[in-house]
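Chain residues, written in single-letter form:
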Amino acid sequence: MATTLSQYLAREESLHELDPVLARLITSVSEACKTISHKVRQGALAGVLGLAGTENVQGEDQKKLDIISNDIFVDAVVRSGAVCGMVSEEVPEVMSVPDEFPVGPYLIAFDPLDGSSNIDINVSIGSIFSVMPAVRPKRTAVDADFLQPGRNQVAAGYCMYGPQTQLCLTFGRGVVFFTLDPSTGTFVLTQEDVRVAPAAKEFAINCSNMRHWEAPVRRYIDELLAGKTGPRGKDFNMRWVAAMVAEVHRILQRGGIFLYPRDNRDPAKPGKLRLLYEANPMSMIMENAGGASTNGHTPILDIVPEKIHQRVAVMLGAREEVDLVTSYHKA
């Protein structure tokens, strides 16, 4: 008999003493993902496509669905009573829980809709979330509360809105997948103990930025592109979806490496992706699946954030490949 998300969480509470408050938060996140999935599938029929005419904290144009998804996430998380603070890609400052709702012992950081450039062309997008303990739970959260290394995460996951709506989840004891059953509106467990092979034959990177890359990344990609005639002695295939959720999901399903490295277009920026709500949760997932994640020098999960919207270079996936490209940065 199929195991639902609620049954899985109850099992985790029984077998691994999962905090019921954390289970409640994950349930609320899953409900937000169901609602977002419905909006995504309605698309133009619901008037959610196109630009909103505003920018997020990163100076990026917001899509209507970005704002809608953020509101859905915030509402669900607040009503859970499990958190005392939130950070979203779409909001410049830390968000506190309104006075009319109870506060809980956790902090959550999320990208409510990853891959916004794909919204209007009907390509896979998703939501990413990271849950951390609140050192001192209080009504008014501040930036410093969130400046914890990724090792502190107690849960992380993403939901991908593709041909199927799939929820990926880890509590630090492996990685599991749930698939949304559209006939019942229930997330059903479809894969346990997800593992990433240490070797790879696929890589994902935006090669249009090659001229801006630092030398170690150029060396690594040049070797992959050389195929059997090069130093690696085998051919690699390249993929690029321009949505981190889709890139990571593919690696979890069939292996590979994903790179979004630092480049020279803006030397002040150490990378493109955000540490708290993109790199950290995906790195926790990847490590729990047997893979690795680094910024080229340091494991992502060991980086201590200095600000809530901090950017970072990301190289994650098959351990052998991540170790190799990291070694080139140290050469």
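Here is a short report on the structure shown in this document. (Residues numbered from 1 in each chain as written. Predicted model: local features only at pLDDT ≥ 70, side-chain atom pairs only at ≥ 80, totals over all residues. Heavy atoms only, no water.)

Regarding the sheet that holds strand S3 (residues 83–88)
Here comes step 1: The strand order across the open sheet formed by seven strands is S3-S4-S5-S6-S7-S8-S9, and the pairing between neighbours is mixed. One side of each edge strand has no neighbouring strand; the edge strands of this open sheet are S3 and strand S9 (186–191). The sheet shows a mean angle of 20° between the axes of neighbouring strands, direction not considered.
Here comes step 2: Where strand S8 (residues 175–181) and S9 come together, five bridges link them in antiparallel fashion. The residue of S9 that forms the bridge with Asp181 is Thr186. (Pairing = 2+ DSSP bridges. Helix = DSSP H or I, 4+ residues; strand = E, 2+ residues; numbered from the N terminus. Axes fitted to C-alpha atoms, helices over the stretch in contact; angles between N-to-C directions.)

Focus on helix H5 (residues 215–226)
Here comes step 1: The end-to-end C-alpha separation of H5 is 16 Å, in line with the 16 Å expected for 12 residues at 1.5 Å each.
Here comes step 2: Its buried side turned inward, H5 meets strand S10 (202–204), strand S12 (257–260), strand S16 (314–317) and helix H8 (319–330).
Here comes step 3: Following H5 by one or two positions, Gly227 has its phi on the positive side, about 60°. (Expected span 1.5 Å × (residues − 1). Contact = heavy atoms within 4.5 Å.)

A word on the sheet that holds S16
Within a sheet, adjacent strands bond to each other through the backbone by hydrogen bonds, running parallel or antiparallel.
Here comes step 1: Spatial strand order, S11-S10-S12-S16-S14: five strands in an open sheet with mixed pairing. Edge positions in the open sheet fall to strand S11 (237–239) and strand S14 (292–294), since each of these has one partner strand only. This sheet shows a mean twist of 15° between the axes of neighbouring strands, independent of strand direction.
Here comes step 2: Relative to S16, S14 runs antiparallel, the two sharing three bridges. Paired with Thr294 across the strands is Met315, a residue of S16.
Here comes step 3: Sitting on the sheet, helix H6 (residues 244–254) touches S10, S11, S12 and S16, and the angle it makes with S16 is about 30°.

A word on the packing of aromatic side chains
Here comes step 1: Here the structure, examined in full by the defined rule, presents four aromatic pairs.
Here comes step 2: Taking the centre distance of 5.3 Å and the plane angle of 75° together, the rings of Tyr8 and Phe178 count as edge-to-face. Residue Tyr8 is located in helix H1 (residues 5–16), and its partner Phe178 is located in strand S8; the two are separated by 170 residues in the primary sequence. Comparing Tyr8 with Phe178, the two get one shared label, buried.
Here comes step 3: With a centroid separation of 6.0 Å and an interplanar angle of 5°, the aromatic rings of Trp240 and Phe258 are classed as stacked. With Trp240 in the loop between S11 and H6 and Phe258 in strand S12, this pair connects stretches of sequence that are 18 residues apart.
Here comes step 4: Classification of Trp240 by relative accessible area gives partly exposed; the value is 30%.
Here comes step 5: Overall, Phe258 belongs to the buried group, its relative accessible area being 2%. (Phe/Tyr/Trp six-rings, centres within 6.5 Å; stacked < 30°, edge-to-face > 60°. Buried < 20%, exposed > 50% of the residue type's maximum accessible area, 1.4 Å probe, protein only.)

Focus: the nonpolar core
Here comes step 1: Counting residues in hydrophobic clusters, the biggest one holds 46 residues, and the most contacted among them are Leu25, Ile108 and Phe129.
Here comes step 2: Not counting the four nearest positions on each side in its chain, Ile108 is found in contact with Leu25, Val29, Val77, Val83, Gly85, Met86, Val87, Phe129, Ser130, Val131 and Phe146.
Here comes step 3: Among the nonpolar cores identified, the runner-up in size contains 30 residues, and Ile128, Ile251, Met282 and Val314 belong to it. (Core = buried A, V, L, I, M, F, W, Y, C linked by side-chain atoms within 4.5 Å.)

Details of the side chain of Thr170
Here comes step 1: Here Thr170 is to be found in strand S7 (residues 165–170).
Here comes step 2: Accessibility expressed as a relative area gives 1% for Thr170, which makes it buried.
Here comes step 3: Among the polar contacts made by the side chain of Thr170, one reaches the main-chain carbonyl oxygen of Gly174 at a distance of 2.7 Å.
Here comes step 4: Not counting the four nearest positions on each side in its chain, Thr170 is found in contact with Val154, Ala155, Ala156, Val175, Met284, Ile285 and Asn288. (Polar contact = N/O pair within 3.5 Å; in protein donor to acceptor, adjacent residues only side chain to side chain.)

With respect to empty space enclosed by the protein
Here comes step 1: This model, assessed by the stated rule, comprises two cavities of 30 Å³ or more.
Here comes step 2: Around the largest cavity, the lining residues are Ile205, Asn206, Asn209, Trp213, Trp240, Leu259, Tyr260, Pro261, Asp263 and Arg265.
Here comes step 3: When its residues are assigned to classes, the lining of the largest cavity shows six nonpolar, two polar and two charged.
Here comes step 4: Here the second largest cavity is characterised by a volume of approximately 40 Å³.
Here comes step 5: Cys84, Leu107, Ala134, Val135, Arg136, Lys138, Ala141 and Asp145 together form the lining of the second largest cavity.
Here comes step 6: Partitioned by chemical class, the residues of the lining of the second largest cavity number five nonpolar, no polar and three charged. (1 Å grid on protein atoms, 1.4 Å probe; cavity = no way out; pocket = protein on both sides within 12 Å on 5 of 7 lines; lining within 4 Å. Points joined across faces, edges and corners; volume = space filled by probe spheres on them. Nonpolar A, V, L, I, M, F, W, Y, C, P; charged D, E, K, R; others polar.)

Brief notes about the environment of Leu9
Here comes step 1: Mapped onto the elements of the fold, Leu9 is located in helix H1.
Here comes step 2: Leu9 gets classed as buried once you look at its relative accessible area, which sits at 2%.
Here comes step 3: The contact partners of Leu9, leaving out residues within four places of it in the chain, are Leu18, Ala23, Ile26, Thr27 and Phe171.

With respect to the pairing of S7
Here comes step 1: With six of six residues buried, S7 is to be regarded as a mostly interior element.
Here comes step 2: Side chains Thr165, Leu167 and Leu169 project from S7 onto one buried face, and the interleaved Gln166, Cys168 and Thr170 project onto a second face that is buried too.
Here comes step 3: Here strand S6 (residues 155–161) pairs with S7 via six bridges, running antiparallel. Bridged to Cys159 within S7 is Leu167.
Here comes step 4: In this antiparallel pair of consecutive strands, S6 and S7, the connection spans three residues.
Here comes step 5: The pairing of S7 with S8 spans five bridges and is antiparallel.

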